[in-house]
Amino acid sequence: MEIKGKLIIIGGAVDKGSFTEKDLDQNAPKNLNFFEEGILKRIIEESKHKKLSRIEVITTASSIPREIGPEYVKAFNHLDAKNVGVLYIEKREQACEPEVIERIKNADIVMFTGGDQLRLTSILGGTEMHTIILNKYKNEDFIYAGTSAGAAAASNSMIYQGSSSEALLKGEVKITSGLALIDHVIIDTHFVKRGRIGRLFQAVVSNPKILGIGLGEDTGLLITNGKQMEAIGSGLVILVDGREIKDTNLTEVSLGQPISINHLVTHVMSNHDTFDLDTFKMKIHSSQYV
């Protein structure tokens, strides 16, 4: 079945581009570099009604939702998108309230903030709100956008814990079920700054059918039809393809021991590069060989 909605997953923001900057209004050009490269603007442009689209910001993953929510509203307002609301959902029963359900049904975009992806999935997973979002994504001109935790939770398999420095020790990376908007991938965020390549290696070697996606800060992927991926933003997207792995010691070593992997394929994407999840072919936008 062809997916009619769009998925926009973002690796998170560096400090300079944080939406919690106290002087955001006074120094917008400096502080809003998070979407200077077009990430939030692209979300608006890809939506059904552009600047008139109804946007619902969902702060469930955040430990400071009352601070984060209004900053996203300001950020969208700076791009002339004024039809923005915030849903503060902190308990599972809130995800089934009639007002919440009605707002999700009327939304053209849902924007999931950063925080703790396990908090996000444990509160929203399996609720009526979750079901509506999945149905809208599959059947309507609808956008699921998520940054950091909101991005990590978008896939069927989700990394929720794991040390960056010890990620290639067996058992260090913890994986559970995500919100299941996209299958056969696993997503990690803040990828470059926090050195999380090892986390993705372990996730992929444990199931080579899954494509590992590592999103750098200020960087995202626009996924259309559930398969066409385009890199957006100023940084890097790292893809880890385990289908051609030739050997590993994964099942032979004890917990806490180093993992060996032979022939793990990686790709590096930057702004406007594309990757097809059906063919596993990448196209570099500004190739030196064209």
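The following paragraphs examine the structure supplied in this document. (Residues numbered from 1 in each chain as written. Predicted model: local features only at pLDDT ≥ 70, side-chain atom pairs only at ≥ 80, totals over all residues. Heavy atoms only, no water.)

Within this structure, the stated rule accounts for 1 cavity of 30 Å³ or more. Here the largest cavity is characterised by a volume of approximately 50 Å³. When residues of the lining of the largest cavity are assigned to their parent elements, the largest contribution, 3 residues, is made by helix α7 (residues 128-139). A per-class count over the lining of the largest cavity returns 7 nonpolar, 2 polar and no charged. (1 Å grid on protein atoms, 1.4 Å probe; cavity = no way out; pocket = protein on both sides within 12 Å on 5 of 7 lines; lining within 4 Å. Points joined across faces, edges and corners; volume = space filled by probe spheres on them. Helix = DSSP H or I, 4+ residues; strand = E, 2+ residues; numbered from the N terminus. Nonpolar A, V, L, I, M, F, W, Y, C, P; charged D, E, K, R; others polar.)

A separate point is the pattern of salt bridges. Evaluated as defined, the whole model comprises 13 salt bridges. When the shortest N-O distance is used, the salt bridge between K136 and E140 registers 3.0 Å. Of the residues examined, E140 reaches a relative accessible area of 37% and is grouped as partly exposed. One network of salt bridges, in which partners are shared, links K6, R42, E46 and E230. (Salt bridge = Lys/Arg side-chain N within 4 Å of Asp/Glu carboxyl O. Buried < 20%, exposed > 50% of the residue type's maximum accessible area, 1.4 Å probe, protein only.)

With that out of the way, let us pick up the sheet that holds strand β12 (residues 237-241). The strand order across the open sheet formed by 4 strands is β8-β9-β12-β15, and the pairing between neighbours is mixed. The sheet is open, and its two edges are formed by β8 (185-188) and β15 (265-269), each paired on a single side. Looking at each pair of strands side by side, their axes are set apart by 20 degrees on average, direction ignored. Of the pairings in the sheet, the one linking β8 to strand β9 (residues 211-215) comprises 4 bridges and is parallel in character. Pairing of I187 across the sheet is with I213, part of β9. (Pairing = 2+ DSSP bridges. Axes fitted to C-alpha atoms, helices over the stretch in contact; angles between N-to-C directions.)

These values are about where atoms sit, not about what they do.
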